[in-house]
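These are the residues of each chain, in order.
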Amino acid sequence: MDSSNSSVFDLPLQPDSSRKIHETCDRYDPMALVTDDHDHFQNHVSDASSRSTPSYLVISGGSGGNSICAAFEDACYVLPVSDDGGSSSEIIRVLGGPSIGDIRSRLVRLIPPAPLGSPLDAVRILLSYRLPMNVSENEARAEWRGIIEGQSPLWSGIPNDRKEVIRGFLVYFENEVLKRAHKHFSFLNGSIGNYFLAGAQRFFRSLPSAIFLFSTITNSQANILPVIVTNHITTIAVELENGAKLLGQCEISHPIAPAISSDSELLSLDPLSPIDGLGEIIPQNRANIMYSQQAKEGGYEPLHSRICRLYYINGYGHEVYPKPNPQFIKNLSTSEVLVYSCGSLWTSIIPCLALRGVASAIAGSRLLRVKALLLNGSNDRETDGYTAVDYIRAITSVLNSQYPPNGLGNVPLYPISAFITHLVYLEGTKVAVDVEAVTTLGIKCILVGKRSERAPNFGIPRYDAAVVQQVIEEILSGQ
């Protein structure tokens, strides 16, 4: 039965991945596939020859890669689930579960363009809205109450069927928070999109299912993969060269003075609650909720020593070795271009690489023609003093690390060029680029001359979608 004013159930169709495998293989290596169905194989040859749009796999964080999404027409985005800042930090503190902030940011970014005032535009406004930060807790709660009761002006223009689907999961999120009322959830700076995605994730017990629901409601065909499929808190930690250890993305990338002590946070656990303390007892800094990307861009305090290793820990602080999302590994074998996006190196890119099986999937893919690193326009707290070679060696050393239970001495070490084939850098970059040293590593350097888009007040060059699209096309055409 058709609905005249909505398309909640007009499900976005993803490209047939199996067909893409045949098409791509047929085009670039006809002998790579061995099949009994010879006629079927031959039928794809002519189709593949006319296929001009390359398939991308983009590894990035939330904000770092958002500005270049339009450069990729057929892309799979892989994002970490370990961010513990902003609105996500409060959800993790009270409800647990994986971080969904970066994924929500990318989902909102990939909502198709729509006319102002259209239903899709209204949905975009709602799911990208944040509750105010510089107000009292009661004022923030009052605004949130108006949203879940359906009285907020934010619902204006959203068809009733979509409204009730979205509101239903927001109400479910509210119910989960009320079960843990003793934890005093703060709605300050809260992202409505995060609340919706977290509610759906808890309802389905599946983050991929929550992503699918979000994409369906927003008419998006975005292919977004969490790097790890889990329903538990995912925490990263790093070891510095001086032996010190830092726990959590905020502490690594943009530390915020804690609002309360860890001891007081542990005391907030209810000893009689059936839902508290189930293997997720690492205290979360409540002040992290006040983090914003703008604050991070205002400067940083360098680490006392360089990072030498990143690893995952469980709720008790023990090192663990999670499996990567199987779809991530599968897409590495079917994509033609791998892009290490601009963004935070150690807290956005490397968490997607420090997993067993990723290195062999990248190095062993028969279809990946380009493996491009988009070098940042400047360093940050995680990479203070880094040169381009340092970025390359950080990525490749992580990929060549051995991860139990399979890393028992039999894992091959791959050359640097097996992971990175091209280094793209901006004219005017603040990161030193020794072209000769990079070339010696087997990597081709590509200078991008555009200087028009710069960070305010700092003169730092930044990528935009047009520049990235152009440089990737030039790389592909030169092969």
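Definitions and cut-offs
Residues numbered from 1 in each chain as written. Predicted model: local features only at pLDDT ≥ 70, side-chain atom pairs only at ≥ 80, totals over all residues. Heavy atoms only, no water. 1 Å grid on protein atoms, 1.4 Å probe; cavity = no way out; pocket = protein on both sides within 12 Å on 5 of 7 lines; lining within 4 Å. Points joined across faces, edges and corners; volume = space filled by probe spheres on them. Helix = DSSP H or I, 4+ residues; strand = E, 2+ residues; numbered from the N terminus. Nonpolar A, V, L, I, M, F, W, Y, C, P; charged D, E, K, R; others polar. Phe/Tyr/Trp six-rings, centres within 6.5 Å; stacked < 30°, edge-to-face > 60°. Salt bridge = Lys/Arg side-chain N within 4 Å of Asp/Glu carboxyl O. Buried < 20%, exposed > 50% of the residue type's maximum accessible area, 1.4 Å probe, protein only.

*Asks:* What should I look at first to understand empty space enclosed by the protein in this one?
*Replies:* One pass over the full model with this rule turns up 4 cavities of 30 Å³ or more. Space inside the largest cavity adds up to approximately 70 Å³. The wall of the largest cavity is formed by Tyr311, Tyr312, Glu319, Val320, Tyr321, Pro322, Ala354, Leu355, Arg356 and Tyr403. Going through the elements one at a time, strand E6 (307–313) and strand E7 (319–320) are the ones with two or more residues in the lining of the largest cavity. Of the residues that constitute the lining of the largest cavity, the class distribution is 8 nonpolar, no polar and 2 charged.

*Asks:* Which parts of the structure should I look at to understand the packing of aromatic side chains?
*Replies:* How two aromatic rings sit relative to each other is given by the distance of their centres and the angle of their planes. The full count for this structure, using the stated rule, is 18 aromatic pairs. Consider the rings of Trp144 and Phe187, whose centres lie 5.3 Å apart with planes at 20 degrees: the pair is stacked. Taken together, the positions of Trp144 in helix H6 (residues 137–148) and Phe187 in the loop between helix H7 (160–178) and helix H8 (192–204) put the pair 43 residues apart, joining distant regions of the chain. Arranged with centres 5.1 Å apart and planes meeting at 80 degrees, the rings of Trp144 and Tyr195 form a pair that is edge-to-face. Highlighted residues: Trp144 in helix H6 and Tyr195 in helix H8, separated in sequence by 51 residues. Through pairs of rings, three or more aromatic residues link up here, namely Phe169, Tyr172, Phe196, Phe203, Phe204 and Phe214.

*Asks:* Honestly, the pattern of salt bridges in this entry has me stumped. Any pointers?
*Replies:* Proximity of charged atoms lets side chains of opposite charge pair with each other. One pass over the structure, following the stated rule, counts 12 salt bridges. Lys179 is paired through a salt bridge with Glu176; the nearest N and O atoms lie 2.9 Å apart. On the basis of relative accessible area, Lys179 is assigned to the partly exposed category, the value being 45%. In this structure, Glu336 engages Arg369 in a salt bridge whose closest nitrogen and oxygen atoms are separated by 3.7 Å. Of this pair, Glu336 sits in the loop between helix H13 (326–334) and strand E8 (337–340) while Arg369 is found in the loop between helix H15 (358–364) and strand E9 (370–374), placing the two residues 33 residues apart along the sequence. Classification of Glu336 as buried rests on a relative accessible area of 0%. With a relative accessible area of 22%, Arg369 lands in the partly exposed category.

Without other data, these values stay purely geometric and don't point to any function.
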